[in-house]
Structures are given as C-alpha cells and as structure tokens.
Amino acid sequence: MNVRRFTALSFGLAFLYLPIVALVVYSFNASPRVTVWQGFSTRWYEALLHNEELITAAFLSLRIAAINATIAVVLGTLAAYTLVRYPRFRGRTLFTGMVAAPLVMPEVITGLSLLLLFVATQSLIGWPESRGVATITIAHITFSLAFVAVVVQARLVSFDESLEEAAQDLGAPPWRVFFLVTLPIIAPALVSGWLLAFTLSLDDLVIASFVSGPGASTLPMVVFSMVRRGLSPEINALATLFIGAVTLGIVGAVLLGRRSPRS
Amino acid sequence: MTEPVVHFDRVTKRFGDVVAVDDVDLEIEEGEFFALLGGSGCGKTTLLRLLAGFERPTSGRVLIGGEDVTDVPAHRRPVNMMFQSYALFPHMSVEKNVAFGLKQDGLPKAEIATRVEEALRLVELTGLGGRRPDQLSGGQRQRVALARALIKRPRVLLLDEPLAALDKRLREQTQFELMRIQDEVGITFIVVTHDQEEAMSLATRIGVMRAGRIVQTGTPREIYETPQNRFVADFIGSVNLLDGRVVAVDGTRVTLAVDRLGINVIVDEASAEVDTVCALALRPEKIVVSIDEPTAPNRVEGIVKEIGYLGASCIVRVRTGSGDVLQAVQPNRQRDLSLAFEWDQRVWLSWSEASGVLVFE
Ligand SMILES: Nc1ncnc2c1ncn2[C@@H]1O[C@H](COP(=O)(O)OP(=O)(O)OP(=O)(O)O)[C@@H](O)[C@H]1O
Ligand SMILES: [Mg+2]
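Because the structure is a prediction, the values reported are computed rather than measured.

(A) Fine view of the overall build of chain B. Counting secondary structure elements, chain B contains eight helices and 20 strands. Here chain B holds 361 residues, and the buried ones make up 51% of them. Pairs at least 24 apart in sequence give 65% of the contacts found in chain B among residues at least 6 apart. Summed over its atoms, the accessible surface of chain B is roughly 17200 Å², and 47% of this surface lies on carbon and sulfur atoms.

Pasting the structure below:
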C-alpha cells in the first residue's frame, strides 16, 4: 500500500475509533477518576453487577429489543414481499416511499409524533393507560420495520421466482410454497434483519425518551441520566459491554446478509 | 375416439399490448412426444405456462384429459414441468428435491423412499441423493430436475428448453436419454425448443410457432418435406425458394414459370390453380450438381461461387445467370480431395419433379 494512502486511512480510522478505544481502555482503569490511569483492574465491571438500577434497565432494554425485532421482522417481511411481488398495484410508489421514510426521518420528529399519537389515542380510546414498555416497543417497531423491509427486499429481488412456481407445480398450495421454499431461502435476510432491529432498539435513546413513562427506563436512558450526574468508570465498563454486544449484532447481520445459498 | 390428453381450445394470451399466444387450437394425444418449435419470443414458454397453470388465458379454454382446467390452479393440475433454469431448491438435498412432489400428496414415507430411489435410478443418479444441487454438474442438475418432475407420474410432462444449458455432446446424449425415459414411463411429453434439429430428432410430432400462432403441425418428416408455407420451409433446415407463377396444371403435375431464372419447373404431386403466384421450396440435398448438361427437365446453369466442406458433405453455392444464388448439398462419396468441380466453374443444377413442394403465402 502506498504511504500517502496508508496515512490518510490511519487518520480516518483514528478519528472514528480513538474515542472508543480510549473508552474501552479506561474501563479497565483502577482509579475512580476517569482521566488518571492507575493500573489494570476489572473492579468497575464488578461494580456494574451490583448496580440494581442498571441491571433492571438492561433487562428491560433486552426484552424490548427482542420483542421489537421479532414483530418488526414479521411486518417488515410482509411489506417487502408486497413491494417486490406485486410490482404493479396502485399506490406502489407511495407505499415504497412510506416504508423507507423512517430511515431518514429525524429521530426527534419520529419520537415527537409517536408521543402525540399516544396522547391522542389515550384521550380517545383510553389506550395506552400509561406510557412505558408497550409504547416504547411500538415506537421501536415503527422504525425497525423499515430497516427490516429494506434488508428483506434486497434478498427478494434476487430471488428466482421459478423456484416458487416449481413448488406450486409439484402440488404445494401457495401458503405451503411460502413456508417450504420462500422462507427457508430468505431466512438469512430475516435473521440479519432481526439482529439489525434488535441493535437499533438497544441503541435508541431519543425515541424511547419521548414515548416512555415513569418506571420504564431503558438502559440508554439510565446511562444518560447517570452521565449527567457525572462521569464514572462504571459507565465506561457498561459502554464497553454495549459496544461488544452491538458489534456482535452488526457483524452477525452483515455476515448473514452476505451468505446466500447458491441456486 | 379417445379424448386428446391436452386440448388448447382457441386460446389467446395477451400481456398488455403484446399478444404472446394468438388463437391457438391444438390437440395432443396420449403418449406423444410433442415439440413446440419456434424462434425467440414466439410464445412457446407462454403456451407451456398456460398449460401448467401459471398464466390464465385471456380467452379460450385449456383442457387436460377432456376436463376444463382453465380455472384450476397450478398445484391441482395433473401436469408437471421441468424448468429451463431447472429451479432446483437450493436448500434441499437431491433426494428432498425429488421427493417434494410426493410429500405434497401426503404419501407414506416408505413409499416416497422407494419411489425416489426408483426415479433416481431412472435418470442414473443413484447414490447422489445426499448431495445439494450446488454440488452437481450441469448435466446432473438437469437430470434431478427431470426426476423431480417425473416422480408424480403426471399425465403430461412439460419441458422448457430442457437441453439448452448443456454443451453440444451432452445435449445429443441426453436427447436419446429423454427418448428412452419417455418410452419407459409412457407419459406424454411436450418439449419447447428453438433448435430445429433437437425437435426433429426428439419428437413424434412438431408444432411450429410464429408470433403466437401455430403455423403447422406434423411429424418431423412432414414438416421437413412438405412445409405448408414459406416460413416453415425457411425455418426448418435450409431451403431454396424459387418464386414463380403457375402456368399449367395437368392433374397433380404443375408447371411453374420461374421468371427470374427464365425456366419452367415441373412439380409433381402438387395442387394449384393456373395463375397462382407461389414458390417452389427445394431442399439443397435434392439438387444434383453436374458438369455436363443433365437430361432432367428441371435444370438451370450457373457458376460455382463457394464450396463449403462439411466432412460428410459439401455445400455448393451456385450463382445463376440472373444473379440468384442456389444452394446444393453434395455427399462426399469418395475420399479423393479433388472434387469434380471447382470455384468459378460452370455447372448444371438439376432436380426431379417430385423433390420440391409448392408453398403459398
Ligand atoms: N409476464 C410477461 N409480461 C409481459 N410480456 C410477456 C410476459 N411473458 C412473456 N411476455 C411476452 O410474450 C411474448 C412471448 O414470450 P415467451 O416467453 O412465450 O417466448 P418464447 O417463445 O418462450 O421465447 P424464448 O425462445 O426466447 O424463450 C414475448 O414477446 C414476451 O416479451
Ligand atoms: Mg421461452
């Protein structure tokens, strides 16, 4: 590799990852002062284990992320299937745009509009009684769905439709064709979409803050309020774990998205 | 009279403005090996898909075994299709692929297993049942697709360009295999192809398609020797078309004045009215090339412009006085390399009265 290109690349990568590296390194710092290095220790990871607030929030976040991902995969797949397989229905362009919109919508706006919706339905039909886990999950589904739809759509576009016809020709009714042929072949895209939705939900602070209520604080919300009270190495440890989890999710999503059964 | 196993009853299929299948009326009998032959985009695949149930006719009816199946969905029709791309399920083993059709019918496991084995033996793939489609060669995949389509013992097997993806040698070998298998299972085969040699060697009957219509059906021999119009004559093999006008009719002996060549041609076993404008379709191998003037009544003089050596025979292109070029094929009866005639040599072309046919349109 030529030297100039190497330098440029190093600068770019440093810019991206230096903060994260610093964070990871300091999470193993023995000193309670964030900026003074006093030797290696895992005490902050131990402290984390005893922080009830954080653990409760972490489990809540994981639960929301899992439910969100599962429902988003079902709905996103249906949307993608419709868009790819019925290319000439009325209003297709509009629908395509609408499915993709949450990808580019500022989170603040998504959050705000969902909050307004929940407030409105509460006064109209009395639901939701109070905002919390349910509203956060619904809010996450609305934007995760769009990401899943995009991932699954990409897989469906390259799907050889004669496979479905062959299955039908051999006597499988349409629903059986879907479960025996279509679904197994697009499964990697579904898993990839699931991981993506899971990660997005785990990450989200802004939208969750808008639609959450008392007693339902997700992990990012708790972290954010802790940080406002002051930096602590404990946060670094937590963040490191988070980075690990998210990285695994993304890498998994990418790898599965790339793997395609040859036909 | 028995019902034809397949009957297209005045079927038309339009895609928007495109008429893919145009008023096709076709009957296919039990046990036939029927080939649909035609150029690209003439509607062959669409016709098969109408029969398989993937397309609905715009008008007309499709009958299988005398039963109207126009409104029956694909999964309930007693026909199976072998796809041009083979469409093997990539996530299933060869065995599972072949067993798929029987599983849909809910047959007992033991019976499925024996029939899968039997089908794999039929296509000579015994022992490869555990492989995935991507671990097979092109020819093996083709045979898996065939086994999968045959295993339900359909009334009709549809094959869309079954040999197109194979190389020439494998194609020829597989042609014979297809014929053997059809013989063994006794199922009606309908095969789509754009390769006329393939159609001729495989089929018991050929339907020639053009622009959505079936222009002629007949045995390979009928199609080749007595084409009903210029298109069929020209599409199947090579042909010399001599345009002319009928000047005399004596029973089945017709005399055609071919003005461009300045000769009268006598055609036997023909029927035409005096003054009809038509053409004589004459296959190159029916023409004899000679240096001395022959005694045959149908003859024309010209100059050899080209000789193509094909091994078993030579193609000789001869330019007549009018500038028209006629093609003749001469068998190479001797190993002697020096032919009796050479480039730019003056030669005679002649043919018997029964060797050509009149085509109209
Ligand atoms: N689903 C479709 N939508 C629109 N037009 C179509 C569709 N399927 C086929 N056609 C058109 O119908 C005509 C016949 O197509 P078809 O596939 O039957 O041709 P073919 O004879 O099988 O040709 P080839 O030898 O190239 O496979 C073509 O003009 C094609 O463009
Ligand atoms: Mg075709």
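Still more ground to cover, so stick around.
(B) The arrangement of the site of ligand 1 in detail. All names here are of chain B. Close to ligand 1 lie F15, V18, A20, G39, S40, G41, C42, G43, K44, T45, T46 and E161. In the model, an oxygen atom of ligand 1 is placed 3.2 Å from a nitrogen or oxygen of the C42 main chain. Side-chain polar atom of K44 to an oxygen atom of ligand 1: 2.7 Å apart, as the coordinates give it. For the shell around ligand 1, the secondary structure elements donating two or more residues are β2 (18-28) and α1 (44-52). The residue makeup of the shell around ligand 1, split by class, is four nonpolar, six polar and two charged.

(C) Layout of the domain arrangement of chain A. Residues and elements named next belong to chain A. Domains assigned within chain A are domain 1 (1-41) and domain 2 (52-242). The centre of domain 1, based on its C-alpha atoms, is set 32 Å off from the matching centre of domain 2. Listed per partner, the contact involves seven residues of domain 1 and seven residues of domain 2. Taking both partners together, domain 1 and domain 2 bury about 560 Å²; carbon and sulfur atoms supply 71% of that area. Among the residues domain 1 hides against domain 2, the three largest losses belong to L23, S27 and V34. Together they make up 70% of the total. The tally of links from domain 1 across to domain 2 stands at zero salt bridges. Here domain 1 is connected to domain 2 by one residue pair in polar contact (both at pLDDT 80 or more). Residue composition of the side of domain 1 that touches domain 2, grouped by class: five nonpolar, two polar and no charged.

(D) Seen up close, the packing of aromatic side chains. By the definition in use, this model includes 11 aromatic pairs over all chains. Measuring from centroid to centroid gives 6.0 Å for B:F54 and B:F83, while their planes differ by 40°, and the two rings are tilted. Of this pair, B:F54 sits in the loop between α1 and β4 (59-64) while B:F83 sits in the loop between β6 (79-82) and α2 (94-104), and the two are 29 residues apart along the sequence. Taken individually, B:F54 and B:F83 each receive the classification buried, so the pair is uniform in this respect. Residues B:F89 and B:F100 carry aromatic rings whose centres are separated by 4.8 Å and whose planes lie at 50° to one another, so their mutual orientation is tilted. Note that B:F89 is positioned in the loop between β6 and α2 and B:F100 in helix α2, a separation of 11 residues in sequence. For the pair shown, B:F89 and B:F100 are each scored as buried. Here a set of aromatic residues connected by ring pairs shows up, and it is made of A:F28, A:F40 and A:Y45. Here the guanidinium or amino end of B:R283 rests over the ring plane of B:Y224, the centre of that ring lying 4.1 Å away.

(E) Structural detail: a nonpolar patch on the surface. A surface patch of nonpolar side chains, amounting to about 940 Å² of accessible area, comprises A:L9, A:L13, A:L16, A:Y17, A:I20, A:V21, A:V25, A:W37, A:F40 and A:I243. Tracing the sequence through the fold places A:I20 in helix α1 (residues 3-26).

(F) Region of interest: the pattern of salt bridges. Residues and elements named next belong to chain A. Under the counting rule described, the total for this entry stands at 28 salt bridges over all chains. Where E161 meets R85, a salt bridge forms, and the shortest distance between an N and an O atom there is 3.7 Å. Note that E161 is positioned in helix α7 (residues 161-169) and R85 in helix α3 (residues 52-85), a separation of 76 residues in sequence. For E161, a relative accessible area of 43% corresponds to the partly exposed category. Taking relative accessible area as the criterion, R85 reaches 12% and is therefore assigned buried.

(G) Looking closely at the side chain of A:E165. Among the secondary structure elements, A:E165 is positioned in helix α7. Each residue touching A:E165, except ones within four places of it in the same chain, is listed here: B:R49, B:F54 and B:F83.

(H) Structural context of the interface of chain B and chain A. With 24 residues of chain B in contact, the opposing surface of chain A contributes 21 residues. Summed over both sides, the interface between chain B and chain A buries roughly 2000 Å², with carbon and sulfur atoms accounting for 59% of that surface. Among the residues of chain B in contact with chain A, B:H75, B:P90 and B:Q104 are the three that bury the most area, contributing 29% of the side total. Counting across the chain B and chain A interface gives one salt bridge. When the shortest N-O distance is used, the salt bridge between B:R49 and A:E165 registers 2.8 Å. There are seven residue pairs in polar contact (both at pLDDT 80 or more) connecting chain B and chain A. Those elements that place two or more of their residues in the side of chain B that touches chain A are α1, β6, α2 and α4 (138-150) of chain B. Counting residues per element, the side of chain B that touches chain A draws most heavily on α2(B), which supplies four residues. Of the residues that constitute the side of chain B that touches chain A, the class distribution is 12 nonpolar, six polar and six charged.

(I) Structural detail: the domain arrangement of chain B. Residues and elements named next belong to chain B. In terms of domains, chain B is made up of domain 1 (6-233) and domain 2 (238-359). Inter-centroid distance (C-alpha atoms) of domain 1 to domain 2 is 39 Å. With nine residues of domain 1 at the contact, the number on the domain 2 side is 10 residues. When domain 1 packs against domain 2, the two sides together hide about 800 Å² of surface, and 48% of this comes from carbon and sulfur. Its largest share of buried area at the contact with domain 2, domain 1 owes to Y224, R230 and A233, together 67% of the area lost on that side. Seen at the junction of domain 1 and domain 2, the total is two salt bridges. Ionic pairing is found between D243 and R230, a salt bridge with its closest N-O pair at 2.6 Å. Counting across the domain 1 and domain 2 interface gives five residue pairs in polar contact (both at pLDDT 80 or more). At the level of secondary structure, the elements contributing two or more residues to the side of domain 1 that touches domain 2 comprise α7 (220-225) and α8 (230-235). It is α7 that provides the largest number of residues to the side of domain 1 that touches domain 2, a total of three residues.

The rules behind these values
Residues numbered from 1 in each chain as written. Chains lettered and ligands numbered in written order. Predicted model: local features only at pLDDT ≥ 70, side-chain atom pairs only at ≥ 80, totals over all residues. Heavy atoms only, no water. Helix = DSSP H or I, 4+ residues; strand = E, 2+ residues; numbered from the N terminus. Buried < 20%, exposed > 50% of the residue type's maximum accessible area, 1.4 Å probe, protein only. Contact = heavy atoms within 4.5 Å. Areas by Shrake-Rupley, 256 points an atom, 1.4 Å probe, with all protein chains shown as cover. Near = heavy atom within 4 Å. Polar contact = N/O pair within 3.5 Å; in protein donor to acceptor, adjacent residues only side chain to side chain. Nonpolar A, V, L, I, M, F, W, Y, C, P; charged D, E, K, R; others polar. Domains from an automatic or database assignment. Buried area = accessible area lost by both parts, 1.4 Å probe. Salt bridge = Lys/Arg side-chain N within 4 Å of Asp/Glu carboxyl O. Phe/Tyr/Trp six-rings, centres within 6.5 Å; stacked < 30°, edge-to-face > 60°. Lys NZ or Arg CZ within 6 Å of the ring centre and 35° of its normal. Patch = residues over 30% accessible without salt bridge, like charges linked within 9 Å, V, L, I, M, F, W, Y side chains within 5 Å.

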